[in-house]
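# Inside the fold
Here is what each chain is made of, one letter per residue.
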Amino acid sequence: MKSETLNLNPSLGATTAYVARPNNDTASCVVLIQEWWGINDHIRDIAGRYAEEGYLCVAPDLYRGKLARNTEEASKMMQALAIEDGIETIRAAIGAAKQTYNAKKIGITGYCMGGTFALRAACEISELAAAAPFYGDIPEENILKQLKVPTLFIAGKRDAWINQEKVNALIEAARKYNLPVEVVTYDADHAFFNDTRPEVYNAEAAADSWSRVLDLFRKHLAVSVTTGA
């Protein structure tokens, strides 16, 4: 695995993306969206896991280099980040992945705040081929009904933020508009995938959800190789 930095230039200010590359070149790419803490060691570790699975992983820094030191800072930084700005940065990351690494099939995933942006991006960005948001907020119905890419939404029953009412609203909207959404709910808390936070980490749920996400991406991000006769 190799790691690199990619420069991005959205309209509200330059930022970077952390890039984890597999040892062999690939046209299959996963865009990874941060939790409300920022691009920290945990996010870089997840990017590396995707690279070990053979994917190019691009994690755009929606906070432009800032890291939250505690929940109060994280909450303020998340609230200050406009949805439109985050989506534009994600678009910039997708464009850079295509231009720099020749990415052909692109999926998106994210955790906590990143789950919110991953689901929203899946509704708004046509280049995406699959989405796997973890316990993120649900966009308004007029946005959600635009979703066309296969989406695996991961939730936790004990999550007080992305609670069962919100998850049920997603399920109902999926039925109403025939959206390509599968919802999987674990008996776990918000941020259960984060193995740096023992107070919420659930190893069993994390392992099962990781397996399901990899299955989704194998199915929808595979790039066929054509050879000349």
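Residues numbered from 1 in each chain as written. Predicted model: local features only at pLDDT ≥ 70, side-chain atom pairs only at ≥ 80, totals over all residues. Heavy atoms only, no water.

## Observations concerning the state of the cysteines
In total, this model carries 0 disulfides according to the counting rule given. Sulfur of Cys-112: no disulfide; nearest cysteine sulfur belongs to Cys-57 and is 17 Å away. Just so you know, Cys-123 is unpaired, no disulfide at all, and the nearest cysteine sulfur is the one on Cys-112, 18 Å from it. Residue class for Cys-123 comes out buried when judged on its relative accessible area of 6%. (Disulfide = S-S within 2.5 Å. Buried < 20%, exposed > 50% of the residue type's maximum accessible area, 1.4 Å probe, protein only.)

## Structural notes on the environment of Lys-76
Residue placement: Lys-76 occurs in helix α2 (residues 71-80). Classification of Lys-76 by relative accessible area gives exposed; the value is 56%. Considered as a pair, Lys-76 and Tyr-177 are 101 residues apart in the sequence and their alpha carbons are 34 Å apart. (Helix = DSSP H or I, 4+ residues; strand = E, 2+ residues; numbered from the N terminus.)

## So, the packing of helix α3 (residues 83-101) against helix α4 (residues 113-124)
Where α3 meets α4, the axes come as close as 10 Å, and the angle between the chain directions of the two elements is 70 degrees. Relative to α4, the element α3 lies roughly perpendicular. Of the residues in α4, those touching α3 at Ile-83, Gly-86, Ile-87, Ile-90 and Arg-91 are Thr-116, Phe-117, Arg-120, Ala-121 and Glu-124. Broken down by class, the residue content of the contact of α3 with α4 amounts to 5 nonpolar, 2 polar and 3 charged. (Axes fitted to C-alpha atoms, helices over the stretch in contact; angles between N-to-C directions. Parallel < 35°, antiparallel > 145°, perpendicular 65-115°, else oblique. Contact = heavy atoms within 4.5 Å. Nonpolar A, V, L, I, M, F, W, Y, C, P; charged D, E, K, R; others polar.)

## What to know about helix α7 (residues 203-220)
A rise of 1.5 Å per residue sets the reference length of α7, with its 18 residues, at 26 Å; its end C-alpha atoms lie 26 Å apart and thus fit the reference within 8%. Those residues of α7 lying buried are Ala-205, Ala-206, Ser-209, Trp-210, Val-213, Leu-214, Leu-216 and Phe-217. Axial view of α7: buried residues confined to an arc of 160 degrees, hence all on one face. The exposed set on the far side of α7, more than 90 degrees from its buried face, consists of Glu-204 and Lys-219. Considering only its buried residues, α7 is in contact with β3 (28-33), α1 (41-52), β5 (105-111), β6 (128-134), β7 (151-156) and β8 (181-186). Regarding α7, its N-cap is Asn-202, as a side-chain oxygen of that residue lies 3.2 Å from the backbone nitrogen of Glu-204 further along. (Expected span 1.5 Å × (residues − 1). Arc of directions from axis to C-beta. Polar contact = N/O pair within 3.5 Å; in protein donor to acceptor, adjacent residues only side chain to side chain.)

## Observations concerning the packing of aromatic side chains
What characterises a pair of aromatic rings is the spacing of the ring centres plus the angle enclosed by the ring planes. In total, this model carries 14 aromatic pairs according to the counting rule given. When the centroid spacing of 6.2 Å and the interplanar angle of 40 degrees are considered together, the rings of Phe-193 and Trp-210 count as tilted. Taken together, the positions of Phe-193 in the loop between β8 and α7 and Trp-210 in helix α7 put the pair 17 residues apart, joining distant regions of the chain. Exposure class is identical for Phe-193 and Trp-210. Each is buried. Among the aromatic side chains, those forming a connected cluster through ring pairs are Tyr-50, Tyr-55, Tyr-111, Phe-134, Tyr-135, Tyr-186, Phe-192, Phe-193, Trp-210 and Phe-217. (Phe/Tyr/Trp six-rings, centres within 6.5 Å; stacked < 30°, edge-to-face > 60°.)

## Details of the pairing of β6
Counting buried positions along β6 yields 7 of 7 residues, so the element is predominantly enclosed. Here β5 pairs with β6 via 6 bridges, running parallel. Among the inter-strand pairings, Tyr-111 is bridged to a residue of β6, identified as Phe-134. In this region the chain leaves β5, passes through α4 and returns to the parallel neighbour β6; the handedness of that crossover is right-handed. (Pairing = 2+ DSSP bridges. Right-handed = clockwise from strand over helix to strand, strands pointing away.)

## Structural notes on the side chain of Glu-35
Note that Glu-35 resides in the loop between β3 and α1. Buried and without a salt bridge, Glu-35 has Arg-197 as its closest oppositely charged side chain, separated by 5.4 Å. Looking at Glu-35, its side chain comes within polar contact range of the side chain of Asn-194, at 2.9 Å. Apart from residues lying up to four places away in sequence, Glu-35 is in contact with His-42, Ile-43, Tyr-111, Cys-112, Met-113, Gly-114, Ala-191 and Asn-194. (Lys, Arg positive; Asp, Glu negative; His and termini not counted. Salt bridge = Lys/Arg side-chain N within 4 Å of Asp/Glu carboxyl O.)

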